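Letter by letter, the chains look like this.
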Amino acid sequence: MVSLNFKSVLFGLSSAVAMTAVLASVQMYQPAKLPVEEQLPITVASDSYKVDELNLGYKNECQRNCHATLLTANDQYYIEVNFDYSGFDAGNGFQRATGIQIDRLEPEVVGDEDGEINAYLDRIELSKINEALEDSIAEKLGV
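Notes on the structure follow. It should be emphasised that the depicted structure is a prediction, and the values quoted were computed from it without experimental measurement.

Before going further, it helps to spend a moment on the state of the cysteines. For the coordinates displayed, the defined rule picks out one disulfide. Covalent S-S linkage joins C62 and C66, the inter-sulfur distance amounting to 2.1 Å. Judged by the sign of its S-S torsion, about -120°, the bond between C62 and C66 is left-handed.

Set out below in structure tokens:
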């Protein structure tokens, strides 16, 4: 028959209670992730943007409500945008110009490796995003 030592049982129980208290306090003091609307805005800026994903639909026929994901130059942030675009083909008989023009650009989600963030994109950054999109669409369509 095995005899239990009262002190060892009491020590084991108190250790378990102490460990539970420590783990609960660590969890309690973790900073809570605030909803995006309550976070302080972060200004996103990059020298250039690269199109990571471009969705022009089946057979590339999308021109309205298209979707793309762009990355900053250092891949720190991603930006999901919805956009409308049109193509142009203009000429005066001597010179011909073709290309893509973004008609509407709406950033939907901006995030980093932790998820969505409250971001501020100024008009210069939107212009760089616009240019990266135009180049990527033109390349994909062979314009």
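This part is about unusual backbone geometry. Positioned with a positive phi, N60 is a non-glycine residue whose angle comes to about 55°. On the secondary structure map, N60 appears in the loop between β2 (49–55) and β3 (66–72). Phi at D75 is positive, roughly 60°, even though this residue is not glycine. You can see D75 is positioned in the loop between β3 and β4 (78–91). Relative accessible area serves as the criterion here: at 46%, D75 is assigned to the partly exposed category.

Turning our eyes to something else, we now look at the pattern of salt bridges. Scanning all chains against the criterion turns up five salt bridges. Between D84 and R104 there is a salt bridge, with its nearest N and O atoms 2.9 Å apart. One end of the pair, D84, is in strand β4; the other, R104, is in strand β5 (residues 96–112), with 20 residues separating them in the sequence. Taking the relative accessible area as the measure of exposure, D84 reaches 12% and is therefore buried. Taken together, the shared-partner salt bridges in this structure form one network comprising D84, R104 and E106.

How each quantity is defined
Residues numbered from 1 in each chain as written. Predicted model: local features only at pLDDT ≥ 70, side-chain atom pairs only at ≥ 80, totals over all residues. Heavy atoms only, no water. Disulfide = S-S within 2.5 Å. Helix = DSSP H or I, 4+ residues; strand = E, 2+ residues; numbered from the N terminus. Buried < 20%, exposed > 50% of the residue type's maximum accessible area, 1.4 Å probe, protein only. Salt bridge = Lys/Arg side-chain N within 4 Å of Asp/Glu carboxyl O.

Keep in mind these values describe shape, not function.
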